[in-house]
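# Descriptive analysis of the structure
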Amino acid sequence: MKHSRGSTMWGAARCARLVTGVSIAAAALLIASSASAQSLACNGYLVGKGASPATLLQTCGEPVYRQAVCVPMVQLGWVLTPYRPGSPEAVLANQCVPMEEWTYDRGPGTFFGIVRIYNGTIESVRDGDRGR
């Protein structure tokens, strides 16, 4: 069976619309899941990345646990070596970045909320273990 050029064009346009629709739906789900993972719901308000610890305390109250943590992060450094004269060499190294983690109990049967604070702002929010 022979297809005319018009039906092929219509099929391509329909396929493009389908792909676009699926892409938009996937992007919406990704945004929704990342927004929920990067915020903590307390008393009808959301506190998330970029907020201050004072805002977190005012909205959610005191955490059940506070802990200082060392988060390894790759840092770029420059090294001058006496054995290779000339320009410095770039070196990647894992370095400890001191942060604080505050743990919030969201209630029975729910996951703990863990808020990581760095340099005076909330750096991340994630779920911890499930509470009892």
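What you see is a predicted model; the values in this text were computed from it and never measured.

## Some points on the state of the cysteines
- Within the structure shown, the criterion is met by 2 disulfides.
- Each disulfide pairs two cysteine sulfurs, and for Cys-42 the partner residue is Cys-60, the sulfurs being separated by 2.0 Å. Taking the torsion about the sulfur-sulfur bond, which here is approximately 95°, the covalent link between Cys-42 and Cys-60 counts as right-handed. With Cys-42 in strand S1 (residues 39-42) and Cys-60 in helix H2 (residues 53-60), this pair connects stretches of sequence that are 18 residues apart.
- With a sulfur-sulfur separation of 1.8 Å, Cys-70 is cross-linked through a disulfide to Cys-96. Taken as a pair, Cys-70 in strand S3 (residues 65-79) and Cys-96 in strand S4 (residues 89-104) lie far apart in primary sequence, 26 residues in all.
- The class for Cys-70 is partly exposed, based on a relative accessible area of 45%.
- Exposure remark for Cys-96: the relative accessible area of 47% places this residue in the partly exposed category.
- If you count the bonded cysteines of the protein from the N-terminus, they pair up as 1-2, 3-4.

## Remarks on H2
- Listed as buried for H2 are Leu-56, Thr-59 and Cys-60. When H2 is viewed along its axis, its buried side chains cluster within an angular range of 75° and face the same direction. Residues of H2 that are exposed and angled more than 90 degrees away from the buried face: Ala-54 and Gln-58.
- Of the surrounding secondary structure, the elements contacted by the buried residues of H2 are S1, strand S2 (45-48), S4, strand S5 (111-118) and strand S6 (121-130).
- One or two residues past the end of H2 sits Gly-61, with phi positive at roughly 80°.

## Some details on a nonpolar patch on the surface
- The grouping of Val-74, Leu-76, Trp-78 and Leu-92 at the surface amounts to a nonpolar patch, some 500 Å² of accessible area in total.
- Among the elements that take part in the nonpolar patch, S3 stands out by supplying 3 residues, more than any other.
- The topology assignment puts Val-74 in strand S3.
- Given a relative accessible area of 58%, Val-74 falls into the exposed group.

## Regarding the nonpolar core
- Leu-40, Cys-42, Val-47, Ala-51, Leu-56, Cys-60, Trp-102, Tyr-104, Val-115, Ile-117, Ile-122 and Val-125 form the largest nonpolar core, which has 12 residues in total.
- Elements represented by at least two residues in this core include exactly S1, H2, S4, S5 and S6.
- Leave out the neighbours within four places in its chain, and Val-115 touches Leu-40, Leu-56, Glu-100, Glu-101, Trp-102, Tyr-104, Ile-122, Ser-124 and Val-125.

Cut-offs applied
- Residue numbers run consecutively from 1 along every chain, following the written order of its sequence.
- Under the rules for a predicted model, residues below a pLDDT of 70 receive no local features and side-chain atom pairs below 80 are neither given nor counted, while totals for whole chains, interfaces and linings still include all residues.
- Values shown for side chains rest on all heavy atoms present in the structure; no hydrogens or waters enter the calculation.
- For the purposes of this analysis, a disulfide is any pair of cysteine sulfur atoms at a distance within 2.5 Å.
- A run of H or I in DSSP counts as a helix once it spans at least four residues, and a run of E counts as a strand once it spans at least two, with each numbered from the N terminus.
- Summary of the burial criterion: residues with accessible area below 20% of their type's maximum are buried, those above 50% are exposed, and those between are partly exposed, where the area comes from a 1.4 Å probe applied to protein chains only.
- The reported arc concerns the directions from the helix axis to the C-beta atoms and nothing else.
- Any two residues whose heavy atoms approach within 4.5 Å at even a single point are treated as in contact.
- Residues enter patches when their relative accessible area tops 30% and they take part in no salt bridge; the joining distance is 9 Å for like charges and 5 Å for the nonpolar side chains Val, Leu, Ile, Met, Phe, Trp and Tyr.
- Here the open area of atoms and residues is found with the Shrake-Rupley method and a 1.4 Å probe, where only the protein chains shown may cover a residue.
- The salt bridge definition used is simple: a Lys or Arg side-chain nitrogen within 4 Å of an Asp or Glu carboxyl oxygen.
- To define a nonpolar core, start from buried Ala, Val, Leu, Ile, Met, Phe, Trp, Tyr and Cys residues and group those joined through side-chain atoms within 4.5 Å.

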